[in-house]
Amino acid sequence: MKTTLLYIVLIVLALVFLLPVLLSLGGIDVLPGGGGGGLRAGRASGAMIRSENEGGDWIPPIFSGDRVPSAIFDVAFHPENPDIVLAGTKGSGIWKSADGGTHWEAAPDRAGVLRTDADVYKIAISSASSSIIYVAAYQDKKGRVMKSEDRGEHFREVYFVSAERYGVFDVYADPRNADSVLAATGQGLLIRSRDGARTWRTVYNFSEPIFLLAVNPLFSDEMYVVTERSRLLKTFDGGNTWNDLSDSRGDGGLEGGGWEKTGYVWQGRPTFRRLIEIRNFAPQEAASFAINPHNPAELWRGTRMGLLRSQNGGFSWEQKDALLEQKDFPPRGIAFQAENPDKVFIAAGQKFSRSSNRGVSWNIHIIPGSSPAKKLFSHPKKPGVLFMLLGR
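Now for a look at the structure at hand. (Residues numbered from 1 in each chain as written. Predicted model: local features only at pLDDT ≥ 70, side-chain atom pairs only at ≥ 80, totals over all residues. Heavy atoms only, no water.)

Focus: the sheet that holds strand 33 (residues 386-390)
Logical step 1: As summarised here, the arrangement of the 3 strands in space is 2-33-32, forming an open sheet in which the pairing is antiparallel. Of all the strands in the sheet, just strand 2 (48-51) and strand 32 (373-378) have a single pairing partner and so form its edges. Adjacent strand axes in the sheet meet at a mean angle of 20°, parallel and antiparallel pairs treated alike.
Logical step 2: Of the strand pairs in this sheet, strand 32 and strand 33 are connected by 5 bridges, and their pairing is antiparallel. For Leu-376, the partnering residue across the bridge sits in strand 33 and is Met-388. (Pairing = 2+ DSSP bridges. Helix = DSSP H or I, 4+ residues; strand = E, 2+ residues; numbered from the N terminus. Axes fitted to C-alpha atoms, helices over the stretch in contact; angles between N-to-C directions.)

Describing the pairing of strand 18 (residues 232-235)
Logical step 1: Where burial is concerned, the two faces of strand 18 agree: the one with Leu-232 and Lys-234 and the one with Leu-233 and Thr-235 are both buried.
Logical step 2: Across 4 bridges, strand 17 (residues 223-227) lies against strand 18 in antiparallel orientation. Residue pairing for strand 18: Met-223 is matched across the bridge by Thr-235.
Logical step 3: Here strand 17 hands over to strand 18 after 4 residues, with Ser-230 in that stretch at a positive phi of 65°.
Logical step 4: Relative to strand 19 (residues 243-244), strand 18 runs antiparallel, the two being bridged by 2 bridges. Note that in strand 19 the partner of Lys-234 across the bridge is Asn-243. (Buried < 20%, exposed > 50% of the residue type's maximum accessible area, 1.4 Å probe, protein only.)

Remarks on the sheet that holds strand 16 (residues 210-215)
Logical step 1: Taken together, the 4 strands give an open sheet; going across it, the order is 16-17-18-19, and neighbouring strands pair in antiparallel fashion. Strands with a single pairing partner mark the edges of an open sheet, and in this sheet they are strand 16 and strand 19.
Logical step 2: Across 5 bridges, the pairing between strand 16 and strand 17 is antiparallel. Within strand 17, the residue paired with Ala-214 across the bridge is Tyr-224.

Topic: the pattern of salt bridges
Logical step 1: Counted by the stated rule, this structure contains 16 salt bridges.
Logical step 2: Here Glu-318 ties to Arg-309 by a salt bridge, and the two come within 2.6 Å at their closest N and O atoms.
Logical step 3: Residues participating in the shared-partner salt-bridge network are Glu-208, Arg-229, Arg-231 and Asp-244. (Salt bridge = Lys/Arg side-chain N within 4 Å of Asp/Glu carboxyl O.)

Regarding the packing of aromatic side chains
Aromatic rings considered in pairs are described by the distance between their centres and by the relative angle of their planes.
Logical step 1: This structure, assessed with the given rule, holds 15 aromatic pairs.
Logical step 2: Taken together, a centroid distance of 5.7 Å and an interplanar angle of 50° make the contact between Phe-77 and Phe-387 tilted. Linking Phe-77 in strand 4 (residues 72-77) with Phe-387 in strand 33, this pair joins segments that are 310 residues apart in sequence. Take Phe-77 and Phe-387: they sit in the same class, and that class is buried.
Logical step 3: Seen in terms of ring centroids, Trp-300 and Trp-362 are 6.3 Å apart; in terms of plane orientation they differ by 80°. Their pairing is edge-to-face. (Phe/Tyr/Trp six-rings, centres within 6.5 Å; stacked < 30°, edge-to-face > 60°.)

Side note on the nonpolar core
Soluble globular proteins tend to bury their nonpolar side chains together.
Logical step 1: Of all hydrophobic cores here, the largest spans 17 residues; its most connected members are Tyr-134, Val-145, Tyr-159, Val-168 and Val-171.
Logical step 2: Ranked by residues supplied to this core, first place goes to strand 12 (residues 168-173) with 3 residues.
Logical step 3: Beyond its immediate sequence surroundings of up to four residues, Val-171 is in contact with Lys-122, Ala-124, Tyr-134, Val-135, Ala-136, Val-181, Leu-182 and Ala-183.
Logical step 4: If you look at the next biggest cluster of nonpolar residues, it comprises 15 residues, including Ala-47, Val-68, Val-75 and Trp-104. (Core = buried A, V, L, I, M, F, W, Y, C linked by side-chain atoms within 4.5 Å. Contact = heavy atoms within 4.5 Å.)

Examining the environment of Ser-92
Logical step 1: Within the fold, Ser-92 resides in the loop between strand 5 (85-89) and strand 6 (94-97).
Logical step 2: Residue class for Ser-92 comes out buried when judged on its relative accessible area of 9%.
Logical step 3: In this structure, the C-alpha to C-alpha distance between Ser-92 and Pro-108, residues 16 residues apart in sequence, is 9.3 Å.
Logical step 4: For Ser-92, the residues in contact, after removing those within four places along its chain, are Arg-67, Pro-69, Thr-116, Asp-117 and Ala-118.

Section: the pairing of strand 26 (residues 306-310)
Logical step 1: With 5 of 5 residues buried, strand 26 is to be regarded as a mostly interior element.
Logical step 2: Strand direction decides the pairing type here: strand 25 (residues 299-303) and strand 26, joined by 5 bridges, are antiparallel. Among the inter-strand pairings, Leu-299 is bridged to a residue of strand 26, identified as Ser-310.
Logical step 3: Sheet topology note: the strand 26/strand 27 (residues 318-320) ladder contains 3 bridges and is antiparallel. Residue pairing for strand 27: Leu-308 is matched across the bridge by Gln-319.

As for unusual backbone geometry
Logical step 1: Of the consecutive residues Phe-329 and Pro-330, the connecting peptide bond is found in the cis state with omega at 0°.
Logical step 2: Its place among the elements puts Pro-330 in the loop between strand 27 and strand 28 (333-336).
Logical step 3: A positive phi angle is found at Asp-140, which is not glycine, with a value near 50°.
Logical step 4: Along the chain, Asp-140 falls in the loop between strand 9 (133-139) and strand 10 (142-148).
Logical step 5: Here Asp-140 falls in the partly exposed class, since its relative accessible area comes to 43%.
Logical step 6: The phi dihedral of Arg-358 falls on the positive side, at around 60°, and the residue is not glycine.
Logical step 7: Residue Arg-358 is classed as partly exposed on the basis of its relative accessible area, which comes to 23%.

Just geometry here; none of it tells us what the structure is for.
Here is the structure:
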C-alpha cells in the first residue's frame, strides 16, 4: 500500500514539474515569466528567431494566443526601456514584448483605429519623446500613417494615400524633434510634417513607389531612398535635390517570387528583377541597404551579385564575400552591433555571417529551420541580442 502511494506521489510530482518543461521544449510555453508575468500559454512562430550571443545560437520567441503572426515586417526598440520591443506584422497588427523579445502578446489599439488585421510595415518610436509612436500601415485598401501619443495604447490616423491599393512603406521619427516625421509612400511621395503630423508637405515626388527610407543618424538632411526600380538616390539638403547613385536599366521591377501584386501593395516575398548599375561597380540587383550608425559614410548593400560596402557615402563600392555562396544571394539582413563599430552581421539564405573587423574576416553559422532569412535587427541597448525575420 505504501509503495503504491509512493508511486502515485512521484507521478503527480512528475506531471507538475516535468510536463511544463516538456511542453516548452515543444514550443508551448506555460512557464512563469514573459511580458505580462504569471503563467503564460503560447507557441513559437516561424516568422522570427532570436539570439542572445551574437548569432551563436537561435531560439524562437513565444507568441501568446491562438493566432500568431504568419509574417513580420519590422522590429522596433524602445529608446529608454530595453525590455520593450514592438513588431509590425502581416495581417496581425502590432505585437509587443515586455521582456526583451522572449515573449510576445498582441497589442491592439484601444481606440480601434489601427485594426488588428492591418499590415504594419514600419514602426517608429520617437527618441525625442518615447510616448510618441508612428506606424506605416495598410488597411481598408489604403496605406496610412497612424500616430500614438500614449505608448501605443491609442492611435489616430494622421495621413492616408489618395488612391486605393497604394501603401505607405516607411516612416521616420526625428530623434531630436518629436514634431518632425517623414513618410515614404507607394505613390512615390516623400512627405514631411514638422508639427506632429497635423499638416504635411511633399518633400519630393519620385514618380515611382518608395520602398525604403534611410536617414543619416548624425545629419538628418542626408537621406537615401530605394525605389521600385531599385534606384538608390541620395540627398544632402533635406530632399530638395537628389543624386542618383544607380542607373536603372532593363525592364521588370518587382515581379515573380510568389508575390501577388495589388497596386503597389505586395503579398509575399519581393524579388527585385530590375538591374541597376552602381557607379564604379558592375550591374546589380538591389535587395537590402543599411547605414552604419557608427560611421554614416559607410553603407552596406545586399544584391543578387553579393554583398557591397561603400566607405564614401555610396559613390564607390567594394565587394565583401562574408563566406557566402551565389545560392545565398541576395543578402537580405544587415545589422551592426550597438557598442562596437567594427561588428557587422549579415543574414543571407540559410546562413548568418559575423565580422568583428568590419568585413575583413567572417565567422559563419547555419540558420536553424528551413526558412530563409528576410531581415536582421540588432538590439541597440542589449549588445549581442539579435532578431532575425524569416520567410520567403
